Amino acid sequence: MALFGALFLALLAGAFAEIPGCKIRITSKALELVKQEGLRFLEQELETITIPDLRGREGQFFYNISERVYEILSTFITSGMRFLLNQQICPVLFHAGMVLLNSLLDTVPVRSSVDNYVGIDYSLLKDPAVSASHLDMDFRGSFFPLDQGNWSLLNQAVEPQLLEEERMVYVAFSEFFFDTALESYFQAGALQLLLVGDKVPRDLDMLLRASYFGSIVLSPAVIDSPLKLELRVTAPPRCTIKPSGTTVSVTASVIIALAPPNQPEVQLSTMVMDARLSAKMTLRGKALRIQLDLRKFRIYSNQSTLESLALIPLQAPLKTMLQIGVMPLLNERTRRGVQIPLPEGIDFVHEVVTNHAGFITIGADLHFAKGLREVIEKNRPAVPTDPAASSTPPPSTAAAAV
């Protein structure tokens, strides 16, 4: 009965376990690189130790230790030398390994802002899985609107899998990772565009006026008013990852109107836009970047079939407007990228992106863009000073004052 109860609890825990949106595998090749860099740092720390000259005689043996030059004329280690090692060298090694290296790990982003709209949560979901050849870590990998810090989306995507070990590092992202980004930007109100007057491309302005002015009776007072084009995403876009590529599906409303100064707007048309974008993922440094390209585009009226037919001539110029005026704005934002949880000073190089059903994997090698010592010194905690000590004059000065 106890065995049955334990099995039931294990199954229950597995049923409610959170599925990671991001996974990272650190292979033995990467660990060896970090080890070598760590040893180099320890060597640099040891070089900062000042050891007083020690000369003496122990029975028939002589020893001479001068600063960093050790000339041992015997294999006999005296108690004085043991004291020196214990008191000066061992504390430095302990400090470097346990305190200073922790400051490097503190540079790994866990929950941080991406821009003015959204943030990213890289919370570790469970203890890393360690084997003889690699270390696997599961992260939440979820975006959130900055004004809704407790917002979350249920992860029902395929769990990403990491199977390879040839490169130093492998990173996997599921559709959930990208869907939370799209949903967060939608919730933050960032997926909308407003063009008025000179902001509307001239060719599109002329075409829209020619298309509508012939069929709509307008007052002469507003006919030459600035044109207004408003594009607003009406539902969170969705990401689909297949071995053949990654796509993003978007549905938006498009409102075309005249905006006479100091007068109510004159609406010319309201239409629905369905678009499909291709997405290409790359890694640069520690940033995951996305290049979007408009592949499919369709506009139609939600009022009548007849009006949808009337919109057919606008389809090509509106698609051109999106490619020229909207896509560069989107790519400028996505080109900044989102940071991958790696310590400061370590970057990805030689990356290879592979698409799977429901997730992508990126294999890469690691490169220390900064020396370990430089990163640790930058993030070394400041040594607190004693205000009382700083305000008291030195003894010699005090004596002179008396």
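Heads up: these notes are all about the structure in this document. This structure is a prediction, so every number in the text was calculated from the model and none was measured.

Re the packing of aromatic side chains
So, step 1. Taken as a whole and judged by the stated rule, the model has six aromatic pairs.
So, step 2. Ring centres of Phe173 and Phe177 lie 4.6 Å apart, and the angle between their planes is 45°; on these two criteria the pair is classed as tilted.
So, step 3. An aromatic cluster is defined as three or more aromatic residues linked by ring pairs; in this entry it consists of Phe143, Phe173, Phe177 and Phe178.
So, step 4. Above the plane of the ring of Phe144 lies Arg111, whose end atom (NZ or CZ) is 4.0 Å from the centre.

Description of the nonpolar core
So, step 1. Formed by 68 residues in total, the largest nonpolar core has its most connected members in Phe173 and Leu288.
So, step 2. It is strand β15 (residues 266–284) that provides the largest number of residues to this core, a total of eight residues.
So, step 3. Apart from residues lying up to four places away in sequence, Leu288 is in contact with Phe173, Phe177, Phe178, Met281, Thr282, Leu283, Gly337, Val338, Ile340 and Ile362.

Quick word on the pairing of strand β8 (residues 134–139)
So, step 1. Of all six residues in β8, five are buried; the element is thus mostly enclosed.
So, step 2. The pairing of strand β1 (residues 22–27) with β8 spans six bridges and is classified as antiparallel. Bridged to Ile26 within β8 is Leu135.
So, step 3. In this sheet, β8 lies alongside strand β7 (residues 129–130) in antiparallel orientation, the contact comprising two bridges. Bridge assignment links Val130 to a residue of β8, and that residue is Leu135.
So, step 4. The hairpin turn running from β7 into β8, its antiparallel successor, is three residues long.

Regarding unusual backbone geometry
So, step 1. Of note in the backbone geometry, Asn262 takes a positive phi value of approximately 60° without being a glycine.
So, step 2. Looking at the element boundaries, Asn262 is found in the loop between β14 (245–258) and β15.
So, step 3. Located in the positive-phi region is His350, a residue other than glycine, with phi close to 55°.
So, step 4. With respect to the secondary-structure elements, His350 resides in strand β18 (residues 346–355).
So, step 5. We classify His350 as exposed; its relative accessible area is 58%.

Thoughts on the sheet that holds β7
So, step 1. The six strands lie next to each other as β7-β8-β1-β10-β19-β18, forming an open sheet whose pairing is antiparallel. With one partner strand each, in any of the chains shown, β7 and β18 form the two edges of the open sheet.
So, step 2. The pairing of β1 with strand β10 (residues 169–174) spans five bridges and is antiparallel. Looking at the pairing, Cys22 lines up with Phe173 of β10.
So, step 3. Running at roughly 55° to β10, helix α4 (residues 175–187) makes contact with β10 and β19 (359–368) of the sheet.

Thresholds, definitions, all that
- Residues numbered from 1 in each chain as written.
- Predicted model: local features only at pLDDT ≥ 70, side-chain atom pairs only at ≥ 80, totals over all residues.
- Heavy atoms only, no water.
- Phe/Tyr/Trp six-rings, centres within 6.5 Å; stacked < 30°, edge-to-face > 60°.
- Lys NZ or Arg CZ within 6 Å of the ring centre and 35° of its normal.
- Core = buried A, V, L, I, M, F, W, Y, C linked by side-chain atoms within 4.5 Å.
- Buried < 20%, exposed > 50% of the residue type's maximum accessible area, 1.4 Å probe, protein only.
- Helix = DSSP H or I, 4+ residues; strand = E, 2+ residues; numbered from the N terminus.
- Contact = heavy atoms within 4.5 Å.
- Pairing = 2+ DSSP bridges.
- Axes fitted to C-alpha atoms, helices over the stretch in contact; angles between N-to-C directions.

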